[in-house]
Amino acid sequence: LMDWGNYAIFGLTWLRLHQSFTLADSWAAGGLCDSVLCQTVGYRDDWMLMETLRSAKLYLSLCVCIQLLKLIKFMKVLIPKMALATAVLYKGVMDLIFFGIVFMITMGAFSMMFYVQLGPNMEGYNDKITSFVSLARALFGDFDVPDILNNSRGYLNIGLFILYLFVAVFIMLSMFLAILGESQAAVRRPAPSAATPPPE
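Cut-offs and rules
- Residues numbered from 1 in each chain as written.
- Predicted model: local features only at pLDDT ≥ 70, side-chain atom pairs only at ≥ 80, totals over all residues.
- Heavy atoms only, no water.
- Helix = DSSP H or I, 4+ residues; strand = E, 2+ residues; numbered from the N terminus.
- Contact = heavy atoms within 4.5 Å.
- Areas by Shrake-Rupley, 256 points an atom, 1.4 Å probe, with all protein chains shown as cover.
- Axes fitted to C-alpha atoms, helices over the stretch in contact; angles between N-to-C directions.
- Left-handed = near helix turned anticlockwise from the far one by under 90°.
- Nonpolar A, V, L, I, M, F, W, Y, C, P; charged D, E, K, R; others polar.
- Expected span 1.5 Å × (residues − 1).
- Buried < 20%, exposed > 50% of the residue type's maximum accessible area, 1.4 Å probe, protein only.
- pLDDT = per-residue confidence, 0-100.
- Salt bridge = Lys/Arg side-chain N within 4 Å of Asp/Glu carboxyl O.
- Arc of directions from axis to C-beta.
- Polar contact = N/O pair within 3.5 Å; in protein donor to acceptor, adjacent residues only side chain to side chain.
- Phe/Tyr/Trp six-rings, centres within 6.5 Å; stacked < 30°, edge-to-face > 60°.

## What about the overall build of the protein chain?
Broken down by element type, the protein chain carries 8 helices and 0 strands. Taken from the N to the C terminus, the helices and strands of the protein chain come in the order α-α-α-α-α-α-α-α. Across the protein chain, the fraction of contacts at a sequence separation of at least 24, relative to all contacts at a separation of at least 6, is 66%. Split by element, the accessible area of the protein chain, about 14,400 Å² in all, is 70% carbon and sulfur.

Quick look at the structure:
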């Protein structure tokens with residue numbers, strides 16, 4: 001999957017770079033000046049070239065990231081101990097998928113609550129996406145309790161925020177670590193030998 005994804009993203013990178021070179025050559029030759037402002041004043045907006053180069057840079061960064069992550073696949077062939085992380089993730093992939101669904105529902109519920117409560121007053125919660133990002137940052141300790149207090153009438157919003165941190169950090173994170181721990185224990189557990197009979 002990583003190989004085919006890398007091929008597809010590399011194709012998009014080549015396509016976007018080819019489009020940017022075509023645009024740059026056309027503008028250097030005096031083309032693409034079809035607006036009234038460009039023809040009368042000479043001002044030309046290069047937004048199309050900038051957007052093409054920005055998307056090419058995004059695709060190129062994804063290609064580099066995937067290529068470096070593929071080193072893990074080759075390292076585990078040379079050093080079998082390097083396969084522990086990928087084996088643990090492969091073992092617990094189904095549990096992690098369902099945990100991720102529950103976690104996203106929980107994050108969405110709390111982000112909608114803070115969007116309604118704090119959205120009109122705080123920039124970090126003024127729409128649904130920024131509210132979700134602010135709560136995701138709070139998982140790593142990046143939150144501003146005084147700012148929430150200054151934009152609240154009482155201590156209700158602080159209580160709700162502490163409730164969110166308790167649910168997300170103590171409950172959800174503990175479940176995530178438990179899934180990884182069980183998967184690692186299953187990976188490290190030796191396979192039962194056919195010669196030894198099962199315990200009675």
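## Quick look at the packing of helix α6 (residues 128-138) against helix α8 (residues 156-188)
With their axes 10 Å apart at the nearest point, α6 and α8 run at an angle of 65° to one another. Relative to α8, α6 is oriented so that their crossing is right-handed. When α6 is examined against α8, the residues L135, A136 and A138 are found in contact with a partner set consisting of F161, Y164 and L165.

## Structural notes on the packing of helix α5 (residues 93-118) against α6
One can describe the packing of α5 onto α6 by two numbers: an axis separation of 8 Å at closest approach and a directional angle of 115°. Along this stretch, α5 crosses α6, giving a crossing that reads as right-handed. The segment α5 lies against α6, with M104, M107, G108, F110, S111, M112, F114 and Y115 engaging K128, S131, F132, L135 and A136. Along the lines of polarity and charge, the residues of the contact of α5 with α6 split into 9 nonpolar, 3 polar and 1 charged.

## Comments concerning helix α3 (residues 47-78)
Taking 1.5 Å per residue as the helical rise, α3 with its 32 residues ought to reach 46 Å, and the 47 Å between its terminal C-alpha atoms agrees with that figure. Among the residues of α3, those classed as buried are L49, T52, S55, A56, C63, I66 and K70.

## Quick word on the confidence of the model for the protein chain
Per-residue pLDDT for the protein chain averages 84, and the proportion of residues at 70 or more is 86%. At the level of individual helices and strands, the protein chain shows its lowest average pLDDT in helix α2 (residues 36-40), which scores 69, and its highest in α5, which scores 93.

## Let's talk about the pattern of salt bridges
All told, the structure shown has 3 salt bridges when counted by the stated rule. D142 serves as the salt-bridge partner of R137, at 2.5 Å between the closest nitrogen and oxygen. Given a relative accessible area of 40%, D142 falls into the partly exposed group.

## Thoughts on α6
Among all positions in α6, only S131, S134, L135 and A138 are buried. Taken end-on, α6 shows its buried residues confined to a sector of 95°, consistent with a single buried face. At its buried positions, α6 is contacted by α5 and α8. One side-chain oxygen of the residue at the start of α6 lies 3.3 Å from the amide nitrogen of I129, identifying that residue as D127.

## Things to note about the packing of aromatic side chains
For the structure shown, the criterion picks out 9 aromatic pairs. Between F114 and F161 the ring centres are 5.6 Å apart and the planes differ by 70°, which places this aromatic pair in the edge-to-face class. Within this pair, whereas F114 is found in helix α5, its partner F161 is found in helix α8, the two being separated by 47 residues in sequence. Assigned by exposure class, F114 and F161 land together as buried. Taken together, the ring pairs in this structure connect F110, F114, Y125, F143, F161 and Y164 into an aromatic cluster.

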